[in-house]
Amino acid sequence: MRIAIPTQDPNGLEAIVSPNFARTPFITIVDLNGGMKASSNPNSYAQGGGGVGPMVAQQVMGMGVQTVIAPSVGPNALGALASAGISVYTCPPGVRVREVVEMFKAGNLSPAISSQPPAMGMGPGMGGMGRGRGMGGWGRGGGKGGGWGRRRGGGMGW
């Protein structure tokens, strides 16, 4: 079994657990097959803008993990991980990876449950910021995604 844990440093099993999944500087992967081996990887999205949770979830999925253990996982990242069949558990921040893995193995961690609904509503569509005419209003994003979004210059959108 491979487990992903957000960490503040790249020190493997001795790394300190970071409080937030998406903004963590490192993701430590612990492989429990044949012992307990750990390797730390930089989080490519640690300094990204809003909404990086699903992108970090994609990065973790590409690492072949079956479980994520973190103090906090946002609703969008949690949904992405769940849809990929990855189990998510909560743990306290500031402890060492080794301690978290021992808590997990002993069955002392709870499954993560989102306290917030996934982010939805008005924002840039996948196809762009929107197309519209006039002053103010909403526009429909062009392109493949065609999502609704508020256009900077405004418009009545279609």
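Because the structure is a prediction, the values reported are computed rather than measured.

A.B. asks: How should the pairing of strand 4 (residues 67-70) be read in this particular structure?
C.D. replies: A regular strand places its side chains on the two faces of the sheet in alternate fashion. Of the two faces of strand 4, both are covered, the one formed by Thr67 and Ile69 as well as the one formed by Val68 and Ala70. As defined by bridge partners, strand 1 (residues 2-7) adjoins strand 4 across 2 bridges and the pair is classed as parallel. In the strand pairing of strand 4, Ile3 is matched with Thr67. Here strand 4 pairs with strand 5 (residues 87-90) via 4 bridges, running parallel. Across the sheet, residue Thr67 finds its bridge partner in strand 5, namely Ser87. This β-α-β element, strand 4 to helix 2 (residues 75-83) to strand 5, shows right-handed connectivity.

A.B. asks: Help me understand the sheet that holds strand 5 in this model?
C.D. replies: To summarise the sheet geometry, strands pair through backbone hydrogen bonds and adopt either a parallel or an antiparallel arrangement. Strand order in this open sheet of 6 strands is 3-2-1-4-5-6, and the pairing throughout is mixed. Only two strands of the sheet have a single partner each, and these edge strands are strand 3 (37-42) and strand 6 (110-111). Strands in contact with helix 3 (residues 97-105) are strand 1, strand 2 (26-31), strand 4 and strand 5; relative to strand 1, the strand with the most contacts, it is inclined by about 135°.

A.B. asks: I keep staring at the side chain of Asn43 and nothing clicks. Help me out?
C.D. replies: In this fold, Asn43 is placed in the loop between strand 3 and helix 1 (53-61). A polar contact is formed between the side chain of Asn43 and the backbone oxygen of Ala22, at a distance of 3.0 Å. The contact partners of Asn43, leaving out residues within four places of it in the chain, are Phe21, Ala22, Arg23, Thr24, Pro25, Phe26, Ile27, Val56 and Gln59.

A.B. asks: Would you mind going over helix 2 with me for this structure?
C.D. replies: Every buried residue belonging to helix 2 is among Pro75, Ala77, Leu78, Ala80 and Leu81, and all of these are buried. Buried positions along helix 2 lie against helix 1, strand 4 and strand 5. Where helix 2 terminates, the next one or two residues include Gly85, which has phi positive at roughly 80°.

A.B. asks: I keep staring at the nonpolar core and nothing clicks. Help me out?
C.D. replies: Across soluble globular proteins, you tend to see nonpolar side chains buried next to one another. Ranked by internal contacts, the top residues of the largest apolar core, which has 21 residues, are Phe21, Val65, Val68, Val73 and Leu81. Per-element accounting of this core gives the leading share, 4 residues, to helix 2. Those residues in contact with Val65 that sit more than four places away from it in its chain are Arg2, Ile3, Ala4, Ile29, Val60 and Ile86. The next biggest cluster of nonpolar side chains, apart from the first, holds 14 residues, and it includes Ile3, Ile5, Leu13 and Val100.

Calculation criteria
Residues numbered from 1 in each chain as written. Predicted model: local features only at pLDDT ≥ 70, side-chain atom pairs only at ≥ 80, totals over all residues. Heavy atoms only, no water. Buried < 20%, exposed > 50% of the residue type's maximum accessible area, 1.4 Å probe, protein only. Helix = DSSP H or I, 4+ residues; strand = E, 2+ residues; numbered from the N terminus. Pairing = 2+ DSSP bridges. Right-handed = clockwise from strand over helix to strand, strands pointing away. Contact = heavy atoms within 4.5 Å. Axes fitted to C-alpha atoms, helices over the stretch in contact; angles between N-to-C directions. Polar contact = N/O pair within 3.5 Å; in protein donor to acceptor, adjacent residues only side chain to side chain. Core = buried A, V, L, I, M, F, W, Y, C linked by side-chain atoms within 4.5 Å.

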